[in-house]
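# Structure assessment
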Amino acid sequence: MKVNDCMKHKVFSIPSSATIREAAEVFVARHIGLLPVVDEDGKLAGVVGLRDLLTLELPDFVNLVPDVDFVHDFGAVETTRPSRKELGQPVTVLMREAVSVVEECGLLRAYALMLQHDVHDLPVTSADGRLVGVASRVDIGTAILSYWKSLEPMKK
Amino acid sequence: MILAAILSSLIFLVSLWLIFSEKLNRTITAIAGAALIVGLGKLLGFYSEAEALAAVDFNTLGLLLGMMILVALLEPTGFFQCLAVWTGRVSQGRPVRLLVLLGTVTTVLSMFLDNVTTIVLIAPVTILICEILGVSTIPYLIAEALLSNTGGVATLIGDPPNVLIGSSAGFSFIDFLVYSLPVVVVVWLVALLLLRYLFRRELAMRPRNAKAVKRLNPAEALNDPKTARRVLIVLGAAILFFFVHHFLHISPSFVALSAAALALVWVRPDMKKTLERIEWSVLVFFVALFVMVGGLEASGALTWLVGILEGAAGMPPVLFGVLVIWVVAGLSAVVDNVPITIALIPVIQGLGAKGVNITPLWWALAFGAGFGGNGTIIGSTANIVVVSLSEKTRTPITAKLWNKRGLPVMLATCAAASILYALAYPLF
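## Things to note about the overall build of chain B
Assigned secondary structure in chain B consists of 24 helices and 0 strands. Summarising its shape, the C-alpha atoms of chain B cover approximately 70 × 45 × 45 Å along the three principal directions. Buried positions account for 57% of the 428 residues belonging to chain B. Put simply, chain B has 27 plus and 20 minus side-chain charges, and the middle of one group is 16 Å from the middle of the other.

Structural data, given as structure tokens:
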């Protein structure tokens with residue numbers, strides 16, 4: 001089995017000209033964790049994750065403190081919203097380089113890439129770089145486990 | 001040996017320029033400069049490897065390493081976090097009170113610990129408290145950097161230039177408390193009042209959520225009270241020994257390293273992790289600078305400078321001292337104050353050999369190097385640290401902002417220090 005056998009073929013993406021606000025709307029409407037960004041030719045330009053958008057709400061300062069367990073009430077942080085100006089910026093300011101695979105990629109290679117780069121969704125491209133699908137950890141992991149069906153159970 | 005002097009001055013000046021322009025990491029610059037100067041010295045016969053080794057001030061290194069080990073043990077216990085959280089609670093979320101309390105805690109800590117370490121540990125919790133309150137982090141972060149630079153001047157172990165000056169001039173811990181601390185107390189108050197004025201608009205804003213800060217529990221922020229207690233006991237004992245080190249005829253570095261050894265034996269930490277917390281790049285930077293400046297001295301380049309300054313020392317000595325404060329402060333604002341101090345030490349010693357009364361000049365050097373670092377965003381490592389931490393918040397500190405807030409503080413502190421210096425000159 002290859003990645004294109006288990007991936008989602010219906011894939012949501014945004015053009016690189018979109019704003020952060022527009023990207024956020026897609027995340028909310030589709031309830032997804034990763035949004036591929038494509039250029040005019042439909043080629044994968046990068047990705048924005050839910051995590052990247054959320055840094056506008058909760059900047060990186062939390063990671064500076066060794067642990068925040070002792071803070072029981074985040075106070076004003078809970079109600080601080082990004083400014084209109086920040087949301088109007090092009091989505092490319094938050095875009096990251098995509099960790100992606102081609103359709104023909106083997107499942108275990110794809111899974112290893114996800115572990116190594118700590119990502120939960122992999123955009124899948126055709127050989128010429130066009131976005132053709134997205135495979136999640138669940139898609140790939142369950143596809144791998146489905147091999148086990150064909151293994152005979154051990155006799156008691 | 002004019003060629004040797006010119007070439008080694010050139011190596012030193014290019015190194016300073018590389019550090020200033022941030023074209024090359026300062027430790028890499030210093031290592032390369034040291035290697036070049038030793039090579040040149042061997043080639044032209046003015047500087048040998050043995051002399052290079054002798055140029056390293058192991059007293060300074062030992063003191064820095066010992067204190068770094070103590071901090072490395074204290075850091076993971078959450079003690080600093082606990083202190084910052086406590087100030088947040090005591091301030092009850094009132095901006096001016098928070099500024100004064102955080103500023104005071106940072107100053108007191110930086111009198112006994114390295115400024116950079118203090119900032120690295122206090123600033124993150126400051127950002128957290130400001131975020132919880134819903135106020136801008138900028139006044140607090142800038143104040144912490146400036147006040148820790150200022151407070152560090154007060155003691156022998158407060159900042160690296162003082163360690164260097166104390167080691168070369170033979171000043172004791174008490175000398176610093178007698179001559180430097182009173183000046184710093186006044187200068188510190190000037191800095192704090194000026195900061196209060198410069199940030200009057202930000203500090204007048206009411207925090208959006210003062211209640212959440214009152215719910216913070218400092219005890220919970222302290223992860224490992226047992227280790228914290230042990231290290232603090234050792235640190236306290238070390239400070240007591242600093243007070244009496246010259247009566248006992250032991251060096252500050254021996255005190256610091258013995259304290260580190262005692263704390264290590266008592267705590268028995270994971271040594272690998274503890275050593276990872278030591279700022280080796282700082283220690284290597286110092287060694288390389290000692291070697292470089294040793295070569296510069298051996299080449300005779302500094303003798304020229306001594307000659308020029310000897311002429312200038314003909315002016316009234318008070319005026320000369322004040323001039324030293326301002327020149328050193330100006331240099332420290334644009335370049336790291338450590339290379340400036342290391343390079344000026346042999347110059348002052350040279351003036352001493354010519355019969356100039358140099359005791360007041362040592363203090364002028366300490367004040368200039370300490371307060372000058374406040375002037376620019378790159379003036380001291382503490383400044384660089386708060387700026388890079390602020391980049392992870394909603395309101396990053398820009399160089400332009402620093403010039404509007406930090407530079408006036410530098411000018412005011414240097415002016416205050418100059419006035420006190422002139423008034424107290426007969427006492428030095």
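## Some remarks on the overall build of chain A
When you go through chain A residue by residue, the secondary structure sums to 6 helices and 6 strands. Helices and strands in chain A line up, N terminus first, as α-β-α-β-β-α-α-β-α-β-β-α. With the principal axes as the frame, chain A shows a C-alpha extent of 60 × 45 × 25 Å. For chain A, the proportion of its 156 residues judged to be buried stands at 41%. Considering only contacts within chain A whose residues lie at least 6 apart along the sequence, 57% involve residues at least 24 apart. A total of about 9400 Å² of accessible surface is found on chain A, and carbon and sulfur atoms cover 55% of it. Of note, chain A has its 17 positive side-chain charges centred 6 Å away from the centre of its 22 negative side-chain charges.

## With respect to the layout of surface pockets
Residues and elements named next belong to chain B. Roughly 690 Å³ of internal volume is contained in the largest pocket. As for the largest pocket, its lining consists of 35 residues, of which Arg26, Asp336, Ser380, Thr381 and Ile384 are closest to the centre. Looking at the lining of the largest pocket element by element, the count peaks at 4 residues for helix α23 (residues 381–390). Taken together, the residues of the lining of the largest pocket sort by class into 18 nonpolar, 11 polar and 6 charged.

## What about the confidence of the model for chain A?
Averaged over all residues, the pLDDT of chain A is 91; the fraction at 70 or higher stands at 99%. In the model of chain A, helix α4 (residues 84–87) of chain A stands out as the element of lowest mean pLDDT, 91, in contrast to helix α2 (residues 20–30) of chain A, which has the highest, 96.

## Description of empty space enclosed by the protein
Residue and element names in this part refer to chain B. Enumeration according to the criterion identifies 1 cavity of 30 Å³ or more in this entry. Quantified by volume, the largest cavity comes out at close to 110 Å³. Contributing to the lining of the largest cavity are 13 residues, with Leu64, Met67, Leu113, Asp114 and Ile157 lying nearest its centre. At the level of secondary structure, the elements contributing two or more residues to the lining of the largest cavity comprise α4 (58–74) and α9 (160–169). A per-element tally of the lining of the largest cavity places α4 first, with 5 residues. Here the residues of the lining of the largest cavity are counted per class, giving 9 nonpolar, 2 polar and 2 charged.

## Remarks on a positive patch on the surface
Residues and elements named next belong to chain B. A contiguous patch of positive charge on the surface is contributed by Arg94, Arg97, Lys211 and Lys214. As for its placement among the helices and strands, arginine 97 is situated in helix α6 (residues 95–112). In this structure arginine 97 comes out as partly exposed when scored by relative accessible area, which is 36%.

## A closer look at the sheet that holds strand β3 (residues 44–49) of chain A
Note: strands within a sheet are paired through backbone hydrogen bonds, in either parallel or antiparallel orientation. All names here are of chain A. Pairing within the open sheet is mixed, and its 3 strands lie in the order β1-β2-β3. The open sheet has two edge strands, β1 (14–15) and β3, and neither has a second partner. Pairing geometry for strand β2 (residues 34–38) and β3, over 5 bridges, is antiparallel. Considered in β3, the bridge of proline 36 is made with valine 47. Where α2 meets the sheet, it contacts β1, β2 and β3, and its direction lies at approximately 135° from that of β2.

## A look at the sheet that holds strand β6 (residues 131–136) of chain A
Residue and element names in this part refer to chain A. Pairing in this open sheet of 3 strands is mixed, and the strands run β4-β5-β6 from one edge to the other. Lying at the two open borders of the sheet, with one neighbouring strand each, are β4 (101–102) and β6. Of the strand pairs in this sheet, strand β5 (residues 121–125) and β6 are connected by 5 bridges, and their pairing is antiparallel. Of the residues in β6, the one forming a bridge with leucine 122 is alanine 135. Set on the sheet, helix α5 (residues 107–117) makes contact with β4, β5 and β6; between it and β5 the angle comes to about 130°. This element, helix α6 (residues 137–145), spans β5 and β6 of the sheet and lies at about 70° to β6.

## Thoughts on the packing of aromatic side chains
All names here are of chain B. Here the structure, examined in full by the defined rule, presents 13 aromatic pairs over all chains. Where phenylalanine 285 meets phenylalanine 286, the ring centres are 6.4 Å apart and the plane angle is 90°; that geometry is what we call edge-to-face. Just as phenylalanine 285 is buried, phenylalanine 286 falls in that class too. For the ring pair tyrosine 421 and tyrosine 425, a centre distance of 5.8 Å and an interplane angle of 70° mean the geometry is edge-to-face. For tyrosine 421, a relative accessible area of 0% puts it in the buried group. With a relative accessible area of 14%, tyrosine 425 lands in the buried category. Grouping aromatic residues by their ring pairs yields a cluster made of Phe171, Phe176, Tyr179 and Trp363. A cation over an aromatic ring shows up here: arginine 405 above the ring of phenylalanine 199, its NZ or CZ 5.1 Å from the ring centre.

The rules behind these values
- Residues numbered from 1 in each chain as written.
- Chains lettered and ligands numbered in written order.
- Predicted model: local features only at pLDDT ≥ 70, side-chain atom pairs only at ≥ 80, totals over all residues.
- Heavy atoms only, no water.
- Helix = DSSP H or I, 4+ residues; strand = E, 2+ residues; numbered from the N terminus.
- Buried < 20%, exposed > 50% of the residue type's maximum accessible area, 1.4 Å probe, protein only.
- Lys, Arg positive; Asp, Glu negative; His and termini not counted.
- Charge placed at Lys NZ, Arg CZ, Asp CG, Glu CD.
- Contact = heavy atoms within 4.5 Å.
- Areas by Shrake-Rupley, 256 points an atom, 1.4 Å probe, with all protein chains shown as cover.
- 1 Å grid on protein atoms, 1.4 Å probe; cavity = no way out; pocket = protein on both sides within 12 Å on 5 of 7 lines; lining within 4 Å.
- Points joined across faces, edges and corners; volume = space filled by probe spheres on them.
- Nonpolar A, V, L, I, M, F, W, Y, C, P; charged D, E, K, R; others polar.
- pLDDT = per-residue confidence, 0-100.
- Patch = residues over 30% accessible without salt bridge, like charges linked within 9 Å, V, L, I, M, F, W, Y side chains within 5 Å.
- Salt bridge = Lys/Arg side-chain N within 4 Å of Asp/Glu carboxyl O.
- Pairing = 2+ DSSP bridges.
- Axes fitted to C-alpha atoms, helices over the stretch in contact; angles between N-to-C directions.
- Phe/Tyr/Trp six-rings, centres within 6.5 Å; stacked < 30°, edge-to-face > 60°.
- Lys NZ or Arg CZ within 6 Å of the ring centre and 35° of its normal.

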